[in-house]
Amino acid sequence: MEGLIDRSGEGLKRIQGIVKDLRDFARLDSGGLCEIDPNDCLRSTVNIIAGRAEQQGVEVALDLAPLPPITCDPGKVNQVLLNLLTNALDACPDGGKITLRTRAVAGGVEIHVIDTGHGIDPAIRDKVFDPFFTTKPVGKGTGLGLSISYGIVREHGGEIAVESVPGQGTRFTVSLPSAPRGAVPPPNRAIPMSKYKRT
Ligand SMILES: Nc1ncnc2c1ncn2[C@@H]1O[C@H](COP(=O)(O)OP(=O)(O)O)[C@@H](O)[C@H]1O
Ligand SMILES: [Mg+2]
């Protein structure tokens, strides 16, 4: 009986953690611009895909540099990161490695999603951001992930770029400015995802 109660307690803690991750990720309590640390966005997105990565035998490595806070819509930025991570996992069906790297750059931040997957054929490289372009089977791919991500990044005044070597892997680079043009940065400093203040 004691063992059962202990294990139930552990189970409940895990559920609590999963619900917190999902809330952080979906920003259920948010909407609109606020100031965040992009590394927090990456960490909560990684938690969402960790189970699938483990199932596929894909190692997810974090190489996160200290970043200045950025003003963005965190729910949308999380959506971009989830799209890129899901694509990276799709490209590594038989295991591999995904590296998430962040760097502070002049005027903002750079986020790299690097995979050791099958890569992108140069013949279709220019099409991957097109709406409904997909190389995945019906029911798996919608072809909307990258076009939506492109829209979100542009809305934030940022850029998204891709480099790929077929058979070796792919790197997506998202550059985001400290604040979208015209956005009034909130007065508060960067605070944890769970405790941000709405602007
Ligand atoms: N990391 C990646 N490695 C290889 N190919 C990729 C990667 N990311 C995107 N692609 C290619 O770009 C296409 C479009 O991606 P996306 O817009 O997310 O749609 P979907 O994932 O539904 O196919 C994919 O079908 C795939 O061919
Ligand atoms: Mg996709």
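Here, every reference points to the structure presented above.
What you see is a predicted model, and the numbers here were worked out from it, not measured in a lab.

K.L.:
How would you summarise the overall build of the protein chain if you had to cite specific residues and measurements?
P.N.:
When helices and strands are counted, the protein chain shows four helices and seven strands. For the protein chain, the N- to C-terminal ordering of α and β elements is α-β-α-β-β-α-β-β-α-β-β. Sorting the 199 residues of the protein chain into buried and exposed places 39% on the buried side. Sequence-distant contacts in the protein chain: of pairs separated by 6 or more residues, those separated by 24 or more amount to 72%.

K.L.:
For the packing of helix α1 (residues 2-26) against helix α2 (residues 38-56), give the residues involved together with the corresponding values.
P.N.:
Here α1 crosses α2 at 125 degrees, and the two axes come no closer than 9 Å. It follows from the interaxial angle that α1 and α2 lie oblique. α1 and α2 meet at a crossing whose hand is left-handed. For the pair formed by α1 and α2, the contact residues are Asp21, Leu22, Asp24 and Phe25 on the first element and Ser44, Thr45, Asn47 and Ile48 on the second. For the contact of α1 with α2, the class distribution of residues is three nonpolar, three polar and two charged.

K.L.:
Kindly report on the pattern of salt bridges, identifying the contributing residues and their values.
P.N.:
Using the criterion set out here, one finds eight salt bridges in the structure. With a closest N to O distance of 3.0 Å, Asp40 and Arg43 form a salt bridge. Placement of both Asp40 and Arg43 in helix α2 is noted, with a separation of three residues, approximately one turn of the helix. Since its relative accessible area comes to 39%, Arg43 is described here as partly exposed. With a closest N to O distance of 3.2 Å, Lys140 and Asp90 form a salt bridge. Pair noted here: Lys140 is in the loop between β5 (108-115) and α4 (145-155) and Asp90 is in helix α3 (residues 74-90), with a separation of 50 residues, a long-range link. Within the structure, one salt-bridge network assembled from shared partners comprises Arg52, Asp90, Lys136 and Lys140.

K.L.:
Please provide a residue-by-residue account of the state of the cysteines, values included.
P.N.:
Taken as a whole and assessed by the stated rule, the structure comprises zero disulfides. No disulfide involves Cys72; its sulfur sits 5.5 Å from that of Cys41, the nearest cysteine.

K.L.:
Describe the nonpolar core, and please don't skip the residues or the numbers.
P.N.:
Among the nonpolar cores identified, the biggest contains 35 residues, and Leu84, Ile98, Phe172, Val174 and Leu176 are the most heavily contacted of them. With seven residues, the top contributor of residues to this core is α3. Residues within four places of Leu84 in sequence aside, it is in contact with Val113, Leu146, Ile160, Phe172 and Val174.

K.L.:
A description of the site of ligand 1 should follow, citing residues and the corresponding values.
P.N.:
Around ligand 1, 20 residues are found, and the nearest of them are Thr134, Thr135, Lys136, Thr142 and Leu146. Within the backbone of Thr142, an N or O atom sits 2.8 Å from an oxygen atom of ligand 1. Within the contact set of ligand 1, an oxygen atom lies 3.4 Å away from a backbone nitrogen or oxygen of Gly145. The fraction of the free accessible surface of ligand 1 (540 Å²) that becomes covered by protein chains is 95%.

K.L.:
Can you lay out the sheet that holds strand β2 (residues 58-64) for me, pointing to particular residues and giving the numbers?
P.N.:
Working definition: the strands of a sheet are paired by backbone hydrogen bonds and lie parallel or antiparallel to each other. Here we have five strands laid out as an open sheet, ordered β2-β4-β5-β7-β6, and mixed in their pairing. Looking at strand neighbours, the two that pair on one side only are β2 and β6 (159-165), the edges of this open sheet. Recorded for the sheet is a direction-independent mean angle of 15 degrees between the axes of neighbouring strands. Relative to strand β4 (residues 96-105), β2 is paired through seven bridges, and the arrangement is parallel. Directly across from Asp63, in β4, lies its bridge partner Arg101. Here α2 sits on the sheet in contact with β2, β4 and β5, set at roughly 165 degrees to β2.

K.L.:
Explain the packing of α3 against α4 residue by residue, including any values.
P.N.:
Across the interface, α3 lies against α4 with an axial gap of 9 Å and an inter-helix angle of 145 degrees. By crossing handedness, the relation of α3 to α4 is classed as left-handed. Residues Lys76, Val77, Gln79, Val80, Asn83, Leu84 and Asn87 of α3 touch α4, and the partners they reach there are Gly145, Leu146, Ile148, Ser149, Ile152, Val153 and Glu155. Considering only residue class, the contact of α3 with α4 consists of seven nonpolar, five polar and two charged.

The rules behind each value
Residues numbered from 1 in each chain as written. Chains lettered and ligands numbered in written order. Predicted model: local features only at pLDDT ≥ 70, side-chain atom pairs only at ≥ 80, totals over all residues. Heavy atoms only, no water. Helix = DSSP H or I, 4+ residues; strand = E, 2+ residues; numbered from the N terminus. Buried < 20%, exposed > 50% of the residue type's maximum accessible area, 1.4 Å probe, protein only. Contact = heavy atoms within 4.5 Å. Axes fitted to C-alpha atoms, helices over the stretch in contact; angles between N-to-C directions. Parallel < 35°, antiparallel > 145°, perpendicular 65-115°, else oblique. Left-handed = near helix turned anticlockwise from the far one by under 90°. Nonpolar A, V, L, I, M, F, W, Y, C, P; charged D, E, K, R; others polar. Salt bridge = Lys/Arg side-chain N within 4 Å of Asp/Glu carboxyl O. Disulfide = S-S within 2.5 Å. Core = buried A, V, L, I, M, F, W, Y, C linked by side-chain atoms within 4.5 Å. Near = heavy atom within 4 Å. Polar contact = N/O pair within 3.5 Å; in protein donor to acceptor, adjacent residues only side chain to side chain. Areas by Shrake-Rupley, 256 points an atom, 1.4 Å probe, with all protein chains shown as cover. Pairing = 2+ DSSP bridges.

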